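Structural features, examined
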Amino acid sequence: MRIEDGDRMSASRQHLVFAYYVTGHGFGHATRVVEVVRHLVLAGHDVHVVSAAPAFVFTSEIQSPQLFIRKVLLDCGAVQADALTVDRLASLEKYSETAVAPRASILATEIEWLNSIKADLVVSDVVPVACRAAADAGIRSVCVTNFSWDFIYAEYVMAAGNHHRSIVWQVRLLEGLINEVLRKRIAEDYSHCEFLIRLPGYCPMPAFRDVIDVPLVVRRLHRSRKEVRKELGIGEDVKLVIFNFGGQPAGWKLKEYYLPPGWLCLVCGASDKDELPPNFLRLAKDVYTPDLIAASDCMLGKIGYGTVSEALAYKLPFVFVRRDYFNEEPFLRNMLEYYQGGVEMIRRDLLTGHWLPYLERAISLKPCYEGGVNGGEVAAQILQDTAIGKNYASDKFSGARRLRDAIVLGYQLQRAPGRDVCIPDWYANAENELGLRPGLPTIEMNDDSSLMNSCTEDFEILHGNLQGLSDTMNFLKSLAKLDAAYDSGKNTEKHKMRERVAAAALFNWEEEIFVARAPGRLDVMGGIADYSGSLVLQMPIREACHVAVQRNHPSKQRLWKHAVARQHAKGQGPTPVLQIVSYGSELSNRGPTFDMDLSDFMDGDQPMSYEKAKKYFAQDPSQKWAAYVAGSILVLMTELGVRFQDSISLLVSSAVPEGKGVSSSASVEVASMSAIAAAHGLNISPRDLALLCQKVENHIVGAPCGVMDQMTSACGETNKLLAMICQPAEIVGHVEIPGHIRFWGIDSGIRHSVGGADYGSVRIGTFMGLKMIKSIAAAVLSKSFPSSNGINHDELEEEGGELLEAEALLDYLCNLSPHRYEALYGKMLPESMLGETFLKRYADHNDSVTVIDQKRSYGVRANARHPIYENFRVKSLQSTTHFCSIRGTTYCSWRASISGLGIVLGCHYSYSDCGLGSDGTDRLVQLVQQMQHNKPPKSEGTLYGAKITGGGSGGTVCVIGRNCLRSSQQILEIQQKYKGATGYLPLVIEGSSPGAGNN
């Protein structure tokens with residue numbers, strides 16, 4: 001209640017009123033809220049819970065007249081297609097329907113209700129609009145959570161494409177007759193709360209200025225393990241696994257043989273219609289699961305806060321299967337595995353019933369979490385103190401409503417000003433929070449004989465040359481450490497990274513291992529014009545991917561236990577198996593290992609089609625990454641007729657940063673295929689290998705990239721720009737970088753993907769433009785094109801029909817000159833066109849790696865214009881650089897040349913015209929421009945151009961400048977200014993190294 005004191009109202013310490021909002025995503029949030037609410041009620045306070053969860057979730061644990069339940073859905077969380085799959089687009093659309101469209105009425109209703117109950121404090125887990133409603137009602141608010149929806153939805157927006165961005169970040173609402181743009185962001189709603197009570201296993205949450213960390217929030221036990229088992233009639237000699245998915249994958253039924261003899265399974269959430277085998281027991285819908293978890297020997301389910309916290313609290317081994325596209329999961333998984341409580345099961349083995357090796361592994365674990373489990377009590381005390389007036393925020397006038405851009409894990413979010421307490425440095429720096437992963441290695445080309453000798457003491461190098469590459473030497477050194485780590489008795493480290501353990505068991509250390517190295521690339525000029533046949537200039541960067549490959553007779557291969565179990569289940573002896581370990585999985589939601597029978601690549605006596613392979617790798621998104629590596633095998637089988645009779649083991653270790661637009665995928669493909677080819681005695685030229693790797697990415701991964709990435713990774717030379725005409729891949733030379741010129745890459749922190757919707761839609765629009773230009777040329781040539789469109793047929797005949805004939809058969813847009821484009825075609829192309837309209841008029845866009853969505857509108861004019869002008873810009877830069885290189889022209893002349901031609905900025909702005917720009921890359925380019933404009937009087941600037949690179953939509957900008965100390969200092973200044981504006985310290989990429997074909 002509230003006590004009136006003149007014009008003031010203050011809360012009574014003895015009797016407070018709390019409004020507790022619970023997100024509509026699953027039961028996990030509701031179950032942890034129960035524990036906090038229970039302590040608030042025990043303290044004598046009224047708690048009004050606003051939730052769409054069934055009432056029994058709360059009333060089964062709290063029987064009190066001071067608990068009030070209001071069943072309302074104010075957000076939707078993540079929409080799941082089944083127990084393991086999140087539908088990202090459906091999630092965005094559902095959120096728009098639930099929380100965006102009715103926002104005004106929601107706010108009005110909640111403000112009125114909060115005032116009607118005289119709430120002293122609003123608590124949110126973690127409903128965004130609750131914080132805004134509280135602020136508008138003049139009531140303080142606090143969030144209690146381990147993640148926030150701005151972070152979760154950010155990836156969905158990126159994957160769906162920027163045309164879906166308005167669903168979450170900016171919405172257009174009709175208010176009466178006025179159509180106005182209201183910028184209502186989830187993170188802005190969160191910023192209205194006073195502070196965050198943060199639970200263990202947290203994600204980055206940049207919207208919150210102030211944070212208080214509490215222990216695990218875990219529901220208490222009602223009965224002992226012995227009591228539960230006695231009630232169920234299960235003896236201690238029976239192994240018990242609790243099956244906790246909150247629903248089963250669609251079309252899937254449990255089978256008796258999934259469990260080993262002597263095991264029983266308790267099934268949560270099973271439908272009454274589902275028939276269960278005799279060794280699977282259906283649990284009631286309202287069963288109190290903490291007691292059952294504590295009575296079990298292990299749990300099998302999906303990762304969520306509730307399952308992980310209770311597994312850790314009750315020291316129950318947890319066999320988990322990854323959930324698609326839920327960003328909360330990697331953080332909880334790292335916490336679970338750190339305390340030796342987790343075993344990952346491959347989805348394929350879950351669905352086919354190969355559970356035995358995972359269950360056996362689970363019961364051998366000794367979970368070691370010793371932290372607090374009284375987070376509910378601690379959180380309740382903090383909430384009570386806040387409600388009576390205690391101030392936990394560092395500055396109540398901090399301006400929490402004034403947000404700035406923040407870039408976290410590659411997603412552009414919003415944050416309140418102040419310290420970056422909600423952005424874990426361990427994650428932003430590509431390191432594990434628990435100190436288990438080092439940062440990217442420093443890679444130098446040197447002649448360090450001591451390191452070379454150290455490596456050769458551990459390995460006998462039979463073929464090849466290290467070329468003084470320290471990263472390759474370090475990789476060989478790490479292989480030697482894996483050999484030692486294979487003997488578990490030699491490694492007493494308590495918290496071991498799972499991927500390292502898997503890698504240690506991968507190779508037969510007495511047999512040959514083939515190692516290949518392939519660098520990433522910095523797109524100096526050319527970028528997305530590659531698929532339109534442009535000249536491109538690319539620099540192989542210093543960061544590279546290493547792949548180690550070993551081939552063995554199937555009888556000699558070291559197989560992981562689940563692979564052995566799979567072979568036994570098939571009733572077959574040793575058969576060729578592909579096993580892959582990829583380092584860096586703890587930083588993402590991809591699995592660290594992949595394995596398959598090589599016979600799975602065969603469809604009868606022929607290799608499977610690329611389309612079937614694409615579907616094969618896509619069926620489990622957590623292992624889709626394996627397509628980049630394993631796809632090389634299928635391409636070699638299909639294109640070169642190679643057949644693989646031996647087993648293959650691969651270790652992938654890449655220092656090329658992912659999602660930065662520097663061709664991390666191409667480096668993996670080129671290194672993988674190079675190593676596989678070497679291990680099998682295949683002599684493939686670097687150019688041909690690059691073209692084969694492009695097939696991997698286009699047809700098996702499904703990313704519609706051009707070929708410049710793979711060509712640079714395979715054919716690049718140190719400190720030279722690879723000059724290539726992409727028709728399809730003709731190298732015209734390696735341009736020496738003048739000594740006074742230097743190139744840097746600065747990462748915007750915003751994730752880039754050539755598989756993303758925006759890159760693909762721009763490519764489709766470009767090919768639409770090509771088709772239209774050819775159609776216009778053919779129509780004009782036949783004089784069937786109406787003069788009313790501004791075409792003078794007599795003038796065209798004077799110019800000759802040869803150009804029109806060539807243009808009617810145009811293979812690449814870049815073979816059309818800018819002058820010709822502007823004179824004849826530019827004004828004829830529409831700004832955009834609906835896919836359905838285009839297909840009716842032109843039938844097809846003639847691009848084998850993209851598919852037109854009939855319901856989507858594609859930009860045409862800007863997308864077609866870009867490669868035509870980009871080709872001109874690249875030729876200008878090539879000529880200027882080559883001239884400086886051979887004539888020794890000063891940097892002042894070179895700078896004046898590229899500035900006068902507008903080469904660099906012209907490219908950058910053209911990307912934006914296509915819809916491939918981003919706030920982050922624009923900000924970096926502007927910072928470089930500021931450095932140019934703020935130079936001291938009578939002095940020459942040392943940085944004189946920057947542009948977005950690669951596929952755009954984030955990623956890296958290329959900076960061109962003078963090779964001097966002042967330039968390096970300015971790059972560091974830009975780093976710090978960018979961090980000050982966004983909270984993200986950008987990675988700087990500099991230096992060069994040889995392509996795989998030159999190693």
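Residues numbered from 1 in each chain as written. Predicted model: local features only at pLDDT ≥ 70, side-chain atom pairs only at ≥ 80, totals over all residues. Heavy atoms only, no water.

Remarks on the pattern of salt bridges
Scanning the entire structure with this criterion turns up 42 salt bridges. Across the pair Asp 471 and Arg 517 runs a salt bridge whose closest N-O atoms are separated by 3.0 Å. Taken as a pair, Asp 471 in helix H17 (residues 470–486) and Arg 517 in strand S22 (residues 514–525) lie far apart in primary sequence, 46 residues in all. When sorted by exposure, Asp 471 lands in the same class as Arg 517, which is buried. (Salt bridge = Lys/Arg side-chain N within 4 Å of Asp/Glu carboxyl O. Helix = DSSP H or I, 4+ residues; strand = E, 2+ residues; numbered from the N terminus. Buried < 20%, exposed > 50% of the residue type's maximum accessible area, 1.4 Å probe, protein only.)

Looking at the sheet that holds strand S31 (residues 741–747)
Read from one edge to the other, the open sheet built from four strands follows the order S34-S35-S31-S36, with strand pairing classed as antiparallel. Bordering the open sheet on either side are strand S34 (943–948) and strand S36 (988–990), each of which pairs with just one other strand. Across the sheet, the axes of successive neighbouring strands diverge by a mean angle of 25°, strand direction being ignored. Packed on one face of the sheet, helix H33 (residues 919–933) meets S31, S34 and strand S35 (956–962) and runs near 170° to S34. Strands S31, S34, S35 and S36 of the sheet are contacted by helix H34 (residues 965–982), whose axis makes an angle of about 10° with S31. (Pairing = 2+ DSSP bridges. Axes fitted to C-alpha atoms, helices over the stretch in contact; angles between N-to-C directions. Contact = heavy atoms within 4.5 Å.)

What to know about the side chain of Arg 590
Tracing the backbone shows Arg 590 in the loop between strand S24 (577–582) and strand S25 (593–597). The class for Arg 590 is buried, based on a relative accessible area of 12%. Of note is the side chain of Arg 590, whose polar atom sits 2.8 Å from the side chain of Glu 658. Once residues within four sequence positions are removed from consideration, Arg 590 is found in contact with Arg 322, Ser 582, Tyr 583, Gly 584, Ser 585, Ser 622, Trp 625 and Glu 658. (Polar contact = N/O pair within 3.5 Å; in protein donor to acceptor, adjacent residues only side chain to side chain.)

Side note on helix H19 (residues 561–569)
Inspection of H19 places His 562, Ala 563, Arg 566 and Gln 567 among the buried residues, and these make up the whole buried set. Taken around the axis of H19, the buried residues stretch over an arc of 145°, which confines them to a single face. Turned more than 90 degrees away from the buried face of H19 sit Lys 561, His 568 and Ala 569, all of them exposed. Of the surrounding secondary structure, the elements contacted by the buried residues of H19 are helix H12 (347–352), helix H13 (356–363), S24 and S25. Gly 571 sits one or two positions beyond H19 and adopts a positive phi of about 70°. (Arc of directions from axis to C-beta.)

Here we look at the state of the cysteines
If you walk through the whole model with that rule in mind, you get zero disulfides. Looking at Cys 726, it has no disulfide partner, and the nearest cysteine sulfur is the one in Cys 814, 8.4 Å off. (Disulfide = S-S within 2.5 Å.)

Let's talk about the sheet that holds strand S15 (residues 263–267)
In spatial order, the strands read S16-S15-S14-S17-S18-S19; together these six strands make up an open sheet with parallel pairing. Of all the strands in the sheet, just strand S16 (280–282) and strand S19 (342–344) have a single pairing partner and so form its edges. Strand-to-strand, the axes of this sheet are offset by a mean angle of 25°, without reference to chain direction. Note: strand S18 (residues 318–321) against S19, three bridges, orientation parallel. Counted as the bridge partner of Val 319 is Val 343 from S19.

Concerning the packing of aromatic side chains
Scanning all chains against the criterion turns up 25 aromatic pairs. Geometrically, the ring pair formed by Tyr 257 and Tyr 258 is edge-to-face, given 5.0 Å between the ring centres and 85° between the ring planes. Judged by relative accessible area, Tyr 258 falls into the buried class, the value being 4%. Seen in terms of ring centroids, Phe 507 and Trp 509 are 5.5 Å apart; in terms of plane orientation they differ by 75°. Their pairing is edge-to-face. Like Phe 507, the residue Trp 509 is buried in the burial classification. (Phe/Tyr/Trp six-rings, centres within 6.5 Å; stacked < 30°, edge-to-face > 60°.)

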